[in-house]
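Residue strings, one per chain:
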Amino acid sequence: MSTVYPLIFLASIWVFFIAQISSSTNWQSVSDVGAYGLVATALGFPMIHGEWQALQQALLIIAGASGIGLLGKFFIDAKRPDLSGNDSFPSNHTANAVAASTALMLCYGWFIGLLSYGVAACVGLGRVRAFKHHWRDVLTGLGVGIAAAVIAIKWM
């Protein structure tokens, strides 16, 4: 499968990051665009190209990460650093970003994976800098994303 289109899309996310960080340091926007952009890329490009097995794999990985993260938020009462709620643990933005990055790496190769994991790292940093999560939440989100990928790959 061609890596040109995901490469262009990921490059545009990086340009957005650089513009946001250099102008206003709006970390909430950085983390939102990064997480949702990675999920859209991981699901959208296999769908556009008719790569149904890659789409199925991405769906399983991302849904697994999101489900595990939401269960954690439901059962674990952890205050956010900005005190806006008790659903800080784990970071679902980070879990979904890492899960989507893993799906992209499996579908498009190591270079796209490297760019994607860089975006996922910015998502985690953005969640901490926006005072939405503690580092433990982000690191656990990283683990959740990787665990969901391993489980989905073994299951398929």
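Above this note sits the structure.
Another aspect to go through is the pattern of salt bridges. Within this structure, the stated rule accounts for 4 salt bridges. The salt bridge involving lysine 132 is made with aspartate 82; its shortest N-O contact spans 2.9 Å. One end of the pair, lysine 132, is in the loop between helix H5 (110-129) and helix H6 (135-155); the other, aspartate 82, is in the loop between helix H3 (52-75) and helix H4 (92-108), and 50 residues separate them in sequence. In this structure aspartate 82 comes out as partly exposed when scored by relative accessible area, which is 32%.

Let's shift gears to the nonpolar core. Nonpolar side chains in soluble globular proteins generally cluster together in the buried interior. Core analysis: the largest hydrophobic core is formed by 29 residues, its most contacted members being Leu38 and Ile62. Sorting the residues of this core by element identifies helix H1 (4-23), helix H2 (27-48), H3, H4, H5 and H6 as the ones contributing at least two each. For this core, the element with the highest residue contribution is H4, accounting for 8 residues. Not counting residues up to four positions away in its chain, the partners in contact with leucine 38 are Leu10, Ile13, Val33, Ala97, Ala100, Ser101, Leu104, Ser116, Val119 and Ala120.

For the rest of this paragraph, the subject is a nonpolar patch on the surface. A cluster of nonpolar side chains, Leu125, Trp135, Leu139, Leu142, Ile146 and Val150, forms an exposed patch at the surface whose accessible area comes to about 540 Å². Per-element accounting of the nonpolar patch gives the leading share, 5 residues, to H6. Relative to the helices and strands, leucine 139 is located in helix H6. Its relative accessible area of 54% is what places leucine 139 among the exposed residues.

Secondary-structure assignment places asparagine 92 in helix H4. Distance in space between the C-alpha atoms of asparagine 92 and isoleucine 18 is 23 Å, their sequence separation being 74 residues. Discounting chain neighbours no more than four positions away, the residues touching asparagine 92 are Ala65, Ser66, Gly69, Leu70 and Lys73.

What follows is about the packing of aromatic side chains. Evaluation of the coordinates by the stated rule reveals 2 aromatic pairs. On the basis of an interplanar angle of 85° and a centroid distance of 4.9 Å, the ring pair of phenylalanine 74 and phenylalanine 75 is categorised as edge-to-face. Ring geometry for tryptophan 110 against phenylalanine 111: centres 5.9 Å apart, planes inclined by 85°, an arrangement best described as edge-to-face. The class for tryptophan 110 is exposed, based on a relative accessible area of 65%.

The rules behind the values
- Residues numbered from 1 in each chain as written.
- Predicted model: local features only at pLDDT ≥ 70, side-chain atom pairs only at ≥ 80, totals over all residues.
- Heavy atoms only, no water.
- Salt bridge = Lys/Arg side-chain N within 4 Å of Asp/Glu carboxyl O.
- Helix = DSSP H or I, 4+ residues; strand = E, 2+ residues; numbered from the N terminus.
- Buried < 20%, exposed > 50% of the residue type's maximum accessible area, 1.4 Å probe, protein only.
- Core = buried A, V, L, I, M, F, W, Y, C linked by side-chain atoms within 4.5 Å.
- Contact = heavy atoms within 4.5 Å.
- Patch = residues over 30% accessible without salt bridge, like charges linked within 9 Å, V, L, I, M, F, W, Y side chains within 5 Å.
- Areas by Shrake-Rupley, 256 points an atom, 1.4 Å probe, with all protein chains shown as cover.
- Phe/Tyr/Trp six-rings, centres within 6.5 Å; stacked < 30°, edge-to-face > 60°.

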